[in-house]
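# Summary of structural features
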Amino acid sequence: ADALPAGSREPRRRRAEHAARMTRIDFYLLPVSEPHGKLSFACQLAEKAWLSGHQVYVHGSDAAEAEAFDALLWSFRDTSFVPHRLLGTPGGEPAPVEIGSGEAGADHHDVMINLGTEVPPLCSRFERVAEIVLNDAEALAASRRRWSFYKDRGYPLQHHDMQHLRSAGDRADS
């Protein structure tokens, strides 16, 4: 019937094509354990992605975290300006970097930076998801659960050990 000949490469090719369309998940393990370090690193990633021509959605675990990130993005570096907006604010025009929490998300499908400890809703609609992991027992355990979730579903995973950074205020190179 429709069986493939022995030794056919078709199933491998289909798997490769499927993987090419799947969201790439990057885990960034930071050398710090304080929440401000995570937000600072996320600012650097958002700036780097925007400067590379990407649209970015930063997903906070709740509205307070999204608001804290929005405030920090205005001032994280004196010589930098990253055009952004907090989703849900009245009269806000679309921006290259959008910040939110919950189910809504951005209108684009480019890059998501997850600040939360859970797999973000709608993560699979993005080309790339950045998971930022603090260096403490609770954050590491939550990141292992997210890694397993993505791995079990066949997402391509990358791990970036950022332990070489002196602090989360250093430049993001990955």
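Everything here concerns the structure above.
The sections below set out a description of the structure shown in this document. Everything numeric here is computed off the predicted structure, so don't read it as measured data. (Residues numbered from 1 in each chain as written. Predicted model: local features only at pLDDT ≥ 70, side-chain atom pairs only at ≥ 80, totals over all residues. Heavy atoms only, no water.)

A volume near 230 Å³ is recorded for the largest pocket. Every residue lining the largest pocket is counted, 15 residues in all, and those nearest its centre are Tyr28, Leu45, Ala49, Val111 and Arg128. Elements supplying a minimum of two residues to the lining of the largest pocket: α2 (35–51), β5 (111–114) and β6 (128–133). A breakdown of the residues in the lining of the largest pocket according to their chemical character gives 8 nonpolar, 3 polar and 4 charged. (1 Å grid on protein atoms, 1.4 Å probe; cavity = no way out; pocket = protein on both sides within 12 Å on 5 of 7 lines; lining within 4 Å. Points joined across faces, edges and corners; volume = space filled by probe spheres on them. Helix = DSSP H or I, 4+ residues; strand = E, 2+ residues; numbered from the N terminus. Nonpolar A, V, L, I, M, F, W, Y, C, P; charged D, E, K, R; others polar.)

Now for the pattern of salt bridges. Under the counting rule described, the total for this entry stands at 6 salt bridges. Across the pair Asp26 and Arg128 runs a salt bridge, and its minimum N-O distance is 2.6 Å. Separated by 102 residues along the polypeptide, Asp26 in strand β1 (residues 24–29) and Arg128 in strand β6 bring together distant segments of the chain. Judged by relative accessible area, which is 29%, Arg128 ranks as partly exposed. (Salt bridge = Lys/Arg side-chain N within 4 Å of Asp/Glu carboxyl O. Buried < 20%, exposed > 50% of the residue type's maximum accessible area, 1.4 Å probe, protein only.)

Once that is clear, we can look at the sheet that holds strand β2 (residues 56–60). Read across the sheet, 7 strands follow the order β3-β4-β2-β5-β6-β1-β7 without closing on themselves; strand pairing throughout is parallel. Looking along the sheet, the strands with just one partner apiece sit at the ends: β3 (84–86) and β7 (157–161). Neighbour-to-neighbour, the strand axes of the sheet open up by a mean angle of 20 degrees, direction not taken into account. Relative to strand β4 (residues 97–101), β2 runs parallel, the two being bridged by 5 bridges. Its bridge partner lying in β4, Gly60 is registered against Ser101. Strands β1, β2, β4, β5 and β6 of the sheet are contacted by α2, whose axis makes an angle of about 155 degrees with β6. (Pairing = 2+ DSSP bridges. Axes fitted to C-alpha atoms, helices over the stretch in contact; angles between N-to-C directions. Contact = heavy atoms within 4.5 Å.)

Now for the environment of Glu131. The topology assignment puts Glu131 in strand β6. Assessed through its relative accessible area of 0%, Glu131 is described here as buried. Taking the C-alpha atoms as reference, Glu131 lies 8.6 Å from Leu29; in sequence the two are 102 residues apart. For Glu131, the residues in contact, after removing those within four places along its chain, are Ile25, Asp26, Phe27, Tyr28, Asn114, Gly116, Pro120, Arg146 and Tyr150. Within polar-contact distance, the side chain of Glu131 engages the side chain of Asn114 at 2.9 Å. Separated by 2.7 Å, the side chains of Glu131 and Arg146 make a polar contact. (Polar contact = N/O pair within 3.5 Å; in protein donor to acceptor, adjacent residues only side chain to side chain.)

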